[in-house]
Amino acid sequence: EEEEEETAESESDGGVECDLSNMEITEELRQYFAQTERHREERRRQQQLDAQRLDDYVNADHDLYYSTHRSVHPPSERPGERRQAEMKRLYGDSAAKIQAMEAAVQLSFDKHCDRKQPKYWPVIPLKF
């Protein structure tokens, strides 16, 4: 009979059943649950940040001037007024000359881009 009881006990160990009604919640268990909840919250925040970054991502097949944010409101100040004030502060009396040289270089760049229509190299961060 004893052998049969031992055999029955060893067979019942395969399917372990837990009675949680008498389970005692210790301070360590509470800390574990709190830590787990903090990790879940941090993971949710990280996923939201990743989703926002993905929304801001621009595909490499778009040109540099691709803009998705447009407004129907008129500008609050004259176009170029802030830039002109900054140039005046940086370069003093030579600001107009420097600004003209920058405009010439930019126009030359735009002309070559319009003529050649290059494909832009994607800027992809390396993750190891």
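Residues numbered from 1 in each chain as written. Predicted model: local features only at pLDDT ≥ 70, side-chain atom pairs only at ≥ 80, totals over all residues. Heavy atoms only, no water.

- As recorded in an unreviewed UniProt entry, the protein goes by Gem-associated protein 8 and comes from Neovison vison.

## Observations regarding the pattern of salt bridges
Link 1 in the chain: Applying the stated criterion across every chain, the model contains 6 salt bridges.
Link 2 in the chain: A salt bridge links D50 to R53; its shortest N-O distance comes to 3.2 Å. Of this pair, D50 and R53 both sit in helix α2 (residues 27-56), 3 residues apart, roughly one helical turn.
Link 3 in the chain: Between D93 and K88 there is a salt bridge, with its nearest N and O atoms 3.8 Å apart.
Link 4 in the chain: A relative accessible area of 75% means that D93 is categorised as exposed.
Link 5 in the chain: On the basis of relative accessibility, which here comes to 48%, the residue K88 falls in the partly exposed class. (Salt bridge = Lys/Arg side-chain N within 4 Å of Asp/Glu carboxyl O. Helix = DSSP H or I, 4+ residues; strand = E, 2+ residues; numbered from the N terminus. Buried < 20%, exposed > 50% of the residue type's maximum accessible area, 1.4 Å probe, protein only.)

## Description of the packing of helix α3 (residues 81-91) against helix α4 (residues 95-116)
Link 1 in the chain: Contact pair α3 / α4: the axes reach a minimum separation of 8 Å and the direction vectors enclose 120°. Taken together, the axes of α3 and α4 are oblique relative to one another. Relative to α4, the crossing made by α3 is right-handed. Facing α3, whose interface residues are R83, Q84, M87, K88 and Y91, α4 presents A95, I98, Q99 and E102.
Link 2 in the chain: Class assignment of the residues belonging to the contact of α3 with α4 gives a composition of 4 nonpolar, 2 polar and 3 charged. (Axes fitted to C-alpha atoms, helices over the stretch in contact; angles between N-to-C directions. Parallel < 35°, antiparallel > 145°, perpendicular 65-115°, else oblique. Left-handed = near helix turned anticlockwise from the far one by under 90°. Contact = heavy atoms within 4.5 Å. Nonpolar A, V, L, I, M, F, W, Y, C, P; charged D, E, K, R; others polar.)

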